[in-house]
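# Structural description and commentary
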Amino acid sequence: MNFPDVLLDFLRQALAQRPAPPPANISPAAWAAFIEAARWHRMGPLLHVRLAPVAAALPTTLTDALQAEYRQHALWGVALATAAGQVLSTLTAADIEPAVLKGMAMGEVLYHNLALRPTTDLDLLVPHADVSKVKAALLALGFEDQGLAAEEQPHLRGEVALHASLLAGELRFGVDVHWRLAQHPAVMFHLAAEDWLPRSVPARIAGVPVRVLCPADALLHAAIHLFWHHLGTWHLVWLSDVDLLLRNHGAAWDWSALAARAQALRTLLPLQASLRLAHTWFDTPLPDGALAALAALSPAPEEAAAFRDLDRQRHNSLGLARGRAQALRSRPARLAYWRGMLFPPATYMLPRYHIPWRGLLPLYYLGRIVKAVVWTSWQHDARFRVEQALPPPSDG
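Residues numbered from 1 in each chain as written. Predicted model: local features only at pLDDT ≥ 70, side-chain atom pairs only at ≥ 80, totals over all residues. Heavy atoms only, no water.

## Some thoughts on the side chain of Ser 274
Note on placement: Ser 274 falls in helix H10 (residues 268-282). Here Ser 274 falls in the buried class, since its relative accessible area comes to 0%. When residues no more than four places from it in sequence are discounted, the contact partners of Ser 274 are Ala 223, Leu 226, Phe 227, Leu 239 and Val 242. (Helix = DSSP H or I, 4+ residues; strand = E, 2+ residues; numbered from the N terminus. Buried < 20%, exposed > 50% of the residue type's maximum accessible area, 1.4 Å probe, protein only. Contact = heavy atoms within 4.5 Å.)

## Considering the side chain of Asp 121
One can find Asp 121 in strand S2 (residues 121-125). Lacking a salt bridge, the buried Asp 121 has Lys 102 as its closest oppositely charged neighbour, with an N-O distance of 6.1 Å. Setting aside its immediate chain neighbours within four residues, Asp 121 contacts Leu 80, Met 104, Phe 173, Gly 174 and Asp 176. (Lys, Arg positive; Asp, Glu negative; His and termini not counted. Salt bridge = Lys/Arg side-chain N within 4 Å of Asp/Glu carboxyl O.)

## Some thoughts on unusual backbone geometry
Phi angles above zero are rare outside glycine, and Gln 17 is one such case at about 65°. Within the secondary structure, Gln 17 sits in the loop between helix H1 (5-15) and helix H2 (28-40). Despite not being glycine, Asp 95 has its phi angle at roughly 60°, a positive value. The residue Asp 95 is located in the loop between helix H4 (60-93) and strand S1 (99-101) in this model.

## Regarding the pairing of strand S8 (residues 201-205)
Relative to strand S9 (residues 208-212), S8 runs antiparallel, the two sharing 5 bridges. Bridging from a neighbouring strand, Arg 204 pairs with Pro 209 of S9. Where S8 folds back on S9, the antiparallel hairpin that results is connected by 2 residues, among which Ala 206 adopts a positive phi of roughly 55°. (Pairing = 2+ DSSP bridges.)

## Comments concerning the packing of aromatic side chains
Evaluation of the coordinates by the stated rule reveals 7 aromatic pairs. Taking the centre distance of 5.6 Å and the plane angle of 40° together, the rings of Phe 227 and Phe 307 count as tilted. Pair noted here: Phe 227 is in helix H7 (residues 215-229) and Phe 307 is in helix H12 (residues 301-313), with a separation of 80 residues, a long-range link. Phe 307 matches Phe 227 in its accessibility class, with the two residues each being buried. Summarising the aromatic geometry, the rings of Trp 253 and Trp 255 are spaced 5.6 Å apart at their centres and angled 65° between planes, so their arrangement reads as edge-to-face. Assigned by exposure class, Trp 253 and Trp 255 land together as buried. Through a chain of ring-to-ring contacts, the aromatic side chains of Phe 10, Trp 31 and Phe 34 assemble into a single cluster. We note Arg 12 situated over the ring of Trp 281; from NZ or CZ to the ring centre the distance is 4.2 Å. (Phe/Tyr/Trp six-rings, centres within 6.5 Å; stacked < 30°, edge-to-face > 60°. Lys NZ or Arg CZ within 6 Å of the ring centre and 35° of its normal.)

## Some details on the pairing of S2
Summarising burial for S2: 5 of the 5 residues are buried, a large majority. By the alternation rule, side chains of S2 split into Asp 121, Asp 123 and Leu 125 and Leu 122 and Leu 124, which are all buried. Two strands pair when backbone bridges link them, and S1 and S2 are joined in this way by 3 bridges, in the antiparallel orientation. Note that in S2 the partner of Val 100 across the bridge is Leu 124.

## Brief notes about helix H8 (residues 236-249)
Between the first and last C-alpha of H8 there are 20 Å, a value that for 14 residues agrees with the 20 Å anticipated at 1.5 Å per step. The element H8 is extensively covered by neighbouring structure, given that 11 of its 14 residues are classed as buried. Among the residues making up H8, those that are buried are Leu 236, Val 237, Trp 238, Leu 239, Ser 240, Asp 241, Val 242, Asp 243, Leu 244, Leu 245 and Leu 246. Contact partners of the buried residues in H8: H1, helix H3 (44-50), helix H5 (102-111), H7, helix H9 (255-264) and H10. (Expected span 1.5 Å × (residues − 1).)

## A short note on the pattern of salt bridges
Enumeration over the complete set of coordinates arrives at 8 salt bridges. Between Arg 18 and Asp 283 there is a salt bridge; the shortest N-O distance is 3.1 Å. Residue Arg 18 is located in the loop between H1 and H2, and its partner Asp 283 is located in the loop between H10 and helix H11 (290-295); the two are separated by 265 residues in the primary sequence. Residue Arg 18 is classed as partly exposed on the basis of its relative accessible area of 46%. The class of Asp 283 is partly exposed, set by a relative accessible area of 33%. Its salt-bridge partner being Asp 241, residue Arg 117 comes within 2.8 Å of it at the nearest N-O pair. With Arg 117 in the loop between H5 and S2 and Asp 241 in helix H8, this pair connects stretches of sequence that are 124 residues apart. You'll find Arg 117 and Asp 241 in the same group, each marked buried. Ionic contacts of the salt-bridge type, sharing partners, join the residues Arg 199, Asp 217 and Arg 261 into one network.

## A look at the environment of Thr 82
Here Thr 82 shows up in helix H4. Taking C-alpha positions, Thr 82 is 6.9 Å from Ala 206, a pair spaced 124 residues apart along the chain. A distance of 3.0 Å separates a polar side-chain atom of Thr 82 from the backbone oxygen of Val 78. (Polar contact = N/O pair within 3.5 Å; in protein donor to acceptor, adjacent residues only side chain to side chain.)

Right under this line is the structure:
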């Protein structure tokens, strides 16, 4: 860790909504490391609010930094809501009814303040049959097709699971169009939009009537996003989503039914781990019977194997890509995956890296290979890493 353990205790108290005065004798360097880690974990705005009751006792370097983070994300939230409202209104007019996912949905529905839930884009879940209509509507709005995100292209049975990423003008506002909630080959076929959209609920996002995942499915999606995509580079803001969903809705859920759904969706282990991590960092109260219901079921062998692979490889992104490739069932599919990872099409490379001239593409391809080699040994996300064992699987 880059700062003393007493600062971690101070952080956990704030995350648990029990802010305490700061510990004494903390060096400026330790506070600077704390601020940088809070920024990396996208927790600056929320800490600005959670630490408000003890703000007078905090060093001005911390209060100034957190206030600046809050203001920055508040301004971005206004711009994001304006752009998202235009997109959602256009899709509604075209008889397309997506479900809004992740940061935008959480910020509006769960936090009731986009500044408290930093996000950079708008994530939409649509049936696969509607993807082309969504892209056409966005292109008509003046969006640019960024190309296929090569990092999310596991090829399986001739099918490519990915999202189309689009940009709009100087705002650099992206719309990610999903037709599955995860692209990992071990679980992707259990997470199609058609299985989730009928359970979605009405909501109002950026002033537009749309749909969002029901709270129980939002919890499952938070666990899926945290583990099947980001194990090893998780941000505390994602655990904050889990914490608030549990605090607001957990006591009303049928945990036996939720556990059975998680098992069927190959998400039992991510859900268990998400609950324990939220309890570790946010002191999230776990509903009676929640962990017992989850522990009473066994994950499918495919889920257990995939989860073990993620756990072993979590310290570098290349290892995660290797795990995805190994889950593919044929050598041609694995070769196609690696080719897409290392040599994505120019339509992806040019906007992704802002390349001014196509003749520079070979240098950027070389850079991707070098980056992959460096990532093999880079142990990232050392900040706020849980260094002790997760809490045992009990209802405590």
